[in-house]
Amino acid sequence: MSSAKDERRPAGELEAGVLAALWAAGAPLTPGRVQAELDSGLARTTVTTILSRLHEKGIVGRERQGRGYAYFPVQDPHGLTARRMHTELDRDDDRGTALARFVAQLSPDDERLLRDLLESDGSQGTAEHGPTEPGGDGLPESGGR
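Note that the structure is a prediction, hence the values are computed from the model and not measured.

About the thresholds
Residues numbered from 1 in each chain as written. Predicted model: local features only at pLDDT ≥ 70, side-chain atom pairs only at ≥ 80, totals over all residues. Heavy atoms only, no water. Salt bridge = Lys/Arg side-chain N within 4 Å of Asp/Glu carboxyl O. Helix = DSSP H or I, 4+ residues; strand = E, 2+ residues; numbered from the N terminus. Buried < 20%, exposed > 50% of the residue type's maximum accessible area, 1.4 Å probe, protein only. Core = buried A, V, L, I, M, F, W, Y, C linked by side-chain atoms within 4.5 Å. Contact = heavy atoms within 4.5 Å. pLDDT = per-residue confidence, 0-100. Pairing = 2+ DSSP bridges.

(A) Quick peek at the pattern of salt bridges. Scanning the model with the defined rule gives six salt bridges in all. In this structure, Glu-15 engages Lys-57 in a salt bridge whose closest nitrogen and oxygen atoms are separated by 2.8 Å. Taken together, the residues Glu-15 in helix α1 (residues 13–25) and Lys-57 in the loop between α3 (44–56) and β1 (60–65) connect sequence positions 42 residues apart. Overall, Lys-57 belongs to the partly exposed group, its relative accessible area being 41%. The closest approach of N and O atoms between Glu-88 and Arg-91, which form a salt bridge, is 2.7 Å. Residue Glu-88 and its partner Arg-91 are both found in helix α4 (residues 77–91); the two are separated by three residues, about one turn of the helix. Judged by its relative accessible area of 48%, Glu-88 falls in the partly exposed class. According to the relative accessible area criterion, Arg-91 is exposed, its value standing at 60%.

Quick look at the structure:
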């Protein structure tokens, strides 16, 4: 017999599912609508808590809809990855060493891509990977959704 603790989802899995539902929707969603999109048996209150935490972290925005809120992602998946990378760098006391080790562990293809991006000031993507958006987070500078 497994305990409830054994059946818990890995950290971040619920947030990732909620974000995937928001990205797929392309429009703000209420917690109830996110719950329906997830089709995972989560309580609406659990979904609301996840959305509130994502909002507190600045990962999703919200707008009034009736008596509650509808939520939307403020970054695309690539922008969120970049944000996480910055967060990890900010946690390290020696940013230079962390960056040096990161670069040393890049594959030759990733190293070439990084060089191309740095040489173009990061404002131009490669044809293979598409252009980098002005805000650097995959969204236009106007913060559109």
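That was the structure; now back to the text.
(B) Region of interest: the nonpolar core. Counting 15 residues, the largest nonpolar core has Val-18, Leu-22, Val-34, Leu-51, Leu-54 and Val-60 as the members making the most contacts within it. Mapped by element, the contributors of at least two residues to this core are α1 and α3. Excluding its chain neighbours within four sequence positions, the residues that come into contact with Leu-51 are Val-18, Leu-22, Pro-31, Val-34, Val-60 and Tyr-71.

(C) Representation of the confidence of the model for the chain within the structure. Considering every residue of the chain, the mean pLDDT works out to 82; 76% of them sit at 70 or more. Taken element by element, the predicted model of the chain shows its lowest mean pLDDT in α4 (92) and its highest in strand β2 (residues 68–73) (97). Confidence drops under a pLDDT of 50 for residues 125–145, and excluding neighbours within four residues, the segment shows 27 contacts in the predicted structure.

(D) Local environment of the pairing of β2. Strand direction decides the pairing type here: β1 and β2, joined by six bridges, are antiparallel. Counterpart to Val-60 in the pairing with β2 is Pro-73.

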